[in-house]
Amino acid sequence: MGKTHGSHWGAFEADARDGRVTSVRPIGNDPAPSPILGGMADAVHHECRIKSPAIREGWLRHRDTARGGDRFVQVPWDEALDITAEELQRVKDTYGNDSIFAGSYGWSSAGRFHHAKTQLQRFMNCFGGYTGQKHNYSIAAGLALLPHIVGDLRPLRAPTSWASIAEATDLVVAFGGIGTRNTQMEPGGTGAHSTENWLKTISARGTQFVSITPIRSDTPDYVCPEWVALRPNTDVALMMGLAHTLVEEELHDAEFLATFTTGADKFLSYLFGETDDQPKSAAWASEICDIPGDTIRNLARRMARGRTMVTTSYSLQRGDHGEQTFWMTMTLACVLGQIGLPGGGFGFGYGSMHGQGNPVPTMPPISLPAGTNPTGSYIPVARITDLLLRPGENYEFDGEQRTYPETHLIYWCGGNPFHHHQDLNRLLEGWRKPDTVIVNEPWWTPTAKLADIALPATTTLERNDIGASSRDRFIVAMKQVVPPQFDARNDFDIFQGLARRLGIDDAFSEGRDEEAWLRLLYADAESNADPSVGEMPPFDDFWERGLLEFEAPERPHVVYADFRADPVGNPLPTPSGKFEICCKEIEGFGYRDCPGHPVWQEPAEWLGAGTAKKWPLHLISNQPKHKLHSQLDFVGPSLAAKVGGREPVFLSPREAEKRDIAQGDIVRLFNARGATLAVAVPNSDIRDGVVLLPTGAWFDPQDWSGSGSLEQHGNPNVLTLDRGTSSLGQGPISHTTLVEIEKFTDEAAPPRPYLSPEMID
Ligand SMILES: Nc1nc2c(c(=O)[nH]1)N[C@H]1C(S)=C(S)[C@@H](COP(=O)(O)OP(=O)(O)OC[C@H]3O[C@@H](n4cnc5c(=O)[nH]c(N)nc54)[C@H](O)[C@@H]3O)O[C@H]1N2
Ligand SMILES: Nc1nc2c(c(=O)[nH]1)N[C@H]1C(S)=C(S)[C@@H](COP(=O)(O)OP(=O)(O)OC[C@H]3O[C@@H](n4cnc5c(=O)[nH]c(N)nc54)[C@H](O)[C@@H]3O)O[C@H]1N2
Ligand SMILES: [Mo]
């Protein structure tokens, strides 16, 4: 038997011989393990590892900030840590802690102790603080909105379980689809991928699925979904057309609206056009969404006929006015009146992440405490480029007017902004502003190549840890499989080295090493465990067993069952105690881009806009099937899925034909923000007017020294729009992007995304 270990894409066992990982295979319990495991062994030993601490020549010699394309100087650890500590101290003393940006957004690895971002932030908190990031790229708009309209995050964090849907649901109306591509993932991992089994069980019972998405394959064929291929970013109009039909045909639940919601009357007058002369009827929605009015009316009638679950994927709120998609989902479910009943109502993110709907007991929390940030300074997660380019400028966020601080130093650990952020050419411009950029990374990712100081971190297989998620029934002993490779160090050891130099090691490490920390985190979990999960064995037993499994609860979970049963005794934690279809708090902020009830507003870019004449294709840059974001792009299934080393881009056969594009052609996707090369794959699962280029390909501009040069490897974020969803959430809007595509007729140089920078001694 190999050693147990864990990843965001599932628990596994690994073997090693002579210091090399020889095998990574799923654990026996997992009914649908992720093929992504297949790349892990190669990744550990890959040529693109950062092999020793490296400092960019231009920064080392004359502190220039012209990041990109430079050579790096190899330095011994002691010297690298001295220089890093000195620079941190200089910036802190000269400009203050809030001039250090260490939001460091990113998924890192699954272990809860060596979680890279948490290690960095714990260190920074001991150092006096930093400027952080609030919310996350996944669901920023949702996280800002939901506390106002439902009082907390229940329909997002703990929606009705699959078990309840399997028991009672007749119809699942899935905005954004429900698939298993994205449920390969759960932050912290899973011991058993269960979504496929649930979807099969649910459809075997006779439950019908309607998949509302521009991409047919978002919902698997085995559930026989009906495909409603609407124009991207028009879901709010469709939801309004459905609500309008329900009310017009008196299929709505007026009593539910009166008892459990506030503001229904005012919203209905908007819906019926009493406030703006525009009824949001099925006919109106049909024009916007480009689907037949009858499809909308018939769907509304079916929704009222039986038990219906309305689900909306995370992706819908990663578009312009993304808040509205979640708000209108709740409102549509209120009109239908089935919230709190088994298998009915609404929920977010089924199919977006493994934990959504996964029936679990109350799991003991396991995480390294990061402490609190003494500066209190932060930006909304996706406003990073604005922070860098517009210091001193004011902006609105969730009812507050805030100001961007000045940034003199960036420290990133466990994330890849040149994967995750929008409009990368604009980010690159901002990235060259601060005095210094420090990055801890195992591999020469684009972000590491754009650092001044790159510190080589171990990969997860080079250390011991604990893998767990509050939405999974398993806890995994993640055992070290090989020694640290090359000259890599654990992030914890890197920060301890810095903490010693800065005189804060007592606070940072509290005198504990890796093993002492793992024992402490486990003991804390044990003492805080909910009695319903049963006994947790002592640490040594856990470590020997490798995997702890807890029982799923017997009763299916139904969100809001308690509220429905007793709205007075169990009110929602909103000011009205009810679902806020109209929300006074939000109305009070006076935002035109997010007024007091759900509204349809045209997205900044969409196929119904005038600009679609010039940019006639809506770009969907969804999550990649063969990797997690940019992780493992260079090995295993991700590498195998590339064509000639480039990412495939999918488009409908008709759109390909219009442009004389054939299967396998190198194509250029472009708009006013940038251009990228990919390989064309015509595919009838894609709606006309849409192109699909998943995220994750490492940023590989032809020329690193400038900005705006041709990206050669299929990174969609050179094209995406860098703006906030609205003044409320300021979330990222990567799914709101128009482009054009053409056959690339120039000689295309081979991409070289995994080439390490030139090193000198
Ligand atoms: N166009 C477009 N863009 C998007 C999205 C989209 O839908 N469309 N989705 C967005 C979403 S939802 C997300 S969550 C983000 C994800 O964006 P990120 O979370 O930034 O993406 P990852 O590739 O997971 O980056 C994690 C980085 O951590 C490094 N790493 C792993 N383990 C360790 C470790 O132990 N130590 C250190 N120091 N580093 C480690 C990895 O090598 C990798 O570079 O992308 C966002 N960007
Ligand atoms: N394999 C794999 N799984 C992952 C990840 C990964 O990187 N790889 N990342 C994880 C992370 S961090 C997150 S946040 C989740 C994200 O989960 P989601 O946000 O749900 O994921 P996406 O893949 O961006 O989008 C899902 C689908 O939404 C559809 N869609 C996009 N725009 C629209 C629209 O305007 N209207 C409608 N109706 N549909 C639209 C697209 O067709 C797309 O395929 O995935 C997680 N799962
Ligand atoms: Mo995400």
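This is a predicted model, so every value here is computed, not measured. (Residues numbered from 1 in each chain as written. Chains lettered and ligands numbered in written order. Predicted model: local features only at pLDDT ≥ 70, side-chain atom pairs only at ≥ 80, totals over all residues. Heavy atoms only, no water.)

A.B. asks: Just checking my understanding: could you explain the site of ligand 2 for this structure?
C.D. replies: Around ligand 2, the surrounding shell holds 32 residues, and the nearest of these are D218, N233, D235, S352 and H629. Take N622: an N or O atom from its side chain is 2.9 Å from an oxygen atom of ligand 2. At a separation of 2.8 Å, an oxygen atom of ligand 2 approaches a polar backbone atom of H629. Contact with the protein chains removes 98% of the 920 Å² of surface that ligand 2 exposes when unbound. When grouped by side-chain class, the residues that make up the shell around ligand 2 number 13 nonpolar, 13 polar and six charged. (Near = heavy atom within 4 Å. Polar contact = N/O pair within 3.5 Å; in protein donor to acceptor, adjacent residues only side chain to side chain. Areas by Shrake-Rupley, 256 points an atom, 1.4 Å probe, with all protein chains shown as cover. Nonpolar A, V, L, I, M, F, W, Y, C, P; charged D, E, K, R; others polar.)

A.B. asks: Can you walk me through the site of ligand 1 in this structure?
C.D. replies: Looking at ligand 1, there are 36 residues lining it, with H420, E441, D491, S630 and N717 nearest. Side-chain polar atom of R463 to an oxygen atom of ligand 1: 2.8 Å apart, as the coordinates give it. At 2.7 Å from a nitrogen atom of ligand 1 is found a side-chain nitrogen or oxygen belonging to D491. Burial of ligand 1 by the protein amounts to 98% of the accessible area it has alone, namely 920 Å². Those elements that place two or more of their residues in the shell around ligand 1 are α16 (417-420) and β18 (436-441). Class assignment of the residues belonging to the shell around ligand 1 gives a composition of nine nonpolar, 23 polar and four charged. (Helix = DSSP H or I, 4+ residues; strand = E, 2+ residues; numbered from the N terminus.)

A.B. asks: Teacher, can you tell me more about empty space enclosed by the protein here?
C.D. replies: One water molecule sets the probe size; rolling that probe over the atoms shows where empty space is left. Under the criterion given, the structure shown has two cavities of 30 Å³ or more. The space that makes up the largest cavity amounts to roughly 100 Å³. Surrounding the largest cavity, 13 residues form its lining, N233, V236, D320, H321 and T325 being those nearest its centre. By residue number, the principal contributor to the lining of the largest cavity is helix α14 (residues 322-336), which donates three residues. Looking at side-chain class alone, the lining of the largest cavity contains five nonpolar, seven polar and one charged residues. One number sums up the size of the second largest cavity: a volume of about 50 Å³. G188, G189, T190, G467 and V476 are the residues nearest the centre of the second largest cavity, which is lined by 14 residues in total. (1 Å grid on protein atoms, 1.4 Å probe; cavity = no way out; pocket = protein on both sides within 12 Å on 5 of 7 lines; lining within 4 Å. Points joined across faces, edges and corners; volume = space filled by probe spheres on them.)

A.B. asks: Would you mind going over the packing of helix α9 (residues 235-248) against helix α12 (residues 282-289) with me for this structure?
C.D. replies: Each pair of packed helices can be summarised by the angle the axes make with each other and by the distance between the axes. At a minimum axis separation of 8 Å, α9 and α12 run at an interaxial angle of 165°. Between α9 and α12, the crossing angle belongs to the class labelled roughly antiparallel. In the crossing of α9 with α12, the sense of the turn from one axis to the other is left-handed. Judged by residue contacts, A237, L238, M240, G241, H244 and T245 of α9 engage A282, W284, A285, I288 and C289 from α12. For the contact of α9 with α12, the per-class residue count stands at eight nonpolar, three polar and no charged. (Axes fitted to C-alpha atoms, helices over the stretch in contact; angles between N-to-C directions. Parallel < 35°, antiparallel > 145°, perpendicular 65-115°, else oblique. Left-handed = near helix turned anticlockwise from the far one by under 90°. Contact = heavy atoms within 4.5 Å.)

A.B. asks: When you look at the pairing of strand β17 (residues 409-413) in this model, what are you seeing that I'm missing?
C.D. replies: Residues in a regular strand point their side chains to alternate faces of the sheet. In terms of residue burial, β17 counts as a mostly covered element, since five of its five residues are buried. Taking every second residue as pointing to the same face, both faces of β17 are buried, with L409, Y411 and C413 on one and I410 and W412 on the other. Both β17 and β18 contribute to a ladder of five bridges, which runs parallel. From the neighbouring strand, C413 faces β18, where its bridge partner is N440. (Buried < 20%, exposed > 50% of the residue type's maximum accessible area, 1.4 Å probe, protein only. Pairing = 2+ DSSP bridges.)

A.B. asks: Where do I start with the layout of surface pockets in this structure?
C.D. replies: There is about 870 Å³ of room inside the second largest pocket. Taken together, 28 residues form the lining of the second largest pocket, with R112, H115, N136, R157 and P187 sitting closest to its centre. Residues that form the lining of the second largest pocket fall into these classes: 12 nonpolar, 11 polar and five charged.

A.B. asks: I would appreciate a short explanation of the sheet that holds β18 in the present structure.
C.D. replies: Judged by pairing direction, the sheet is mixed, and its seven strands sit side by side in the order β6-β17-β18-β19-β4-β5-β30 without closing on themselves. With one partner strand each, in any of the chains shown, β6 (100-101) and β30 (759-760) form the two edges of the open sheet. The sheet contact formed by strand β5 (residues 72-74) and β30 spans two bridges and is parallel. Each bridged residue has a counterpart across the sheet, and for F72 the counterpart in β30 is M759.

A.B. asks: I keep staring at the nonpolar core and nothing clicks. Help me out?
C.D. replies: A general trend in soluble globular proteins is that nonpolar side chains are found buried together. If you look at the biggest cluster of nonpolar residues, it comprises 145 residues, and the most contacted ones within it are F175, F579 and L669. In contact with L669, other than residues within four places in its own chain, are L619, V649, G674, A675, T676, A678, V691, L693, L719, E740 and I741. Counting 55 residues, the second largest nonpolar core, distinct from the first, contains I100, F123, L409 and I494. (Core = buried A, V, L, I, M, F, W, Y, C linked by side-chain atoms within 4.5 Å.)

A.B. asks: Which parts of the structure should I look at to understand the pattern of salt bridges?
C.D. replies: Side chains that differ in charge, positive against negative, can pair when their charged atoms come close. Throughout the structure, instances matching the rule amount to 53 salt bridges. A salt bridge links R659 to E740, with the nearest nitrogen and oxygen atoms 2.8 Å apart. Remark: E740 occurs in strand β29 (residues 738-743) and R659 occurs in the loop between α26 (653-658) and β26 (666-671); sequence separation between them is 81 residues. Note that R752 is salt-bridged to D700, the shortest N-O span being 3.8 Å. (Salt bridge = Lys/Arg side-chain N within 4 Å of Asp/Glu carboxyl O.)

From the geometry alone we can't say anything about function, so treat these as descriptive.
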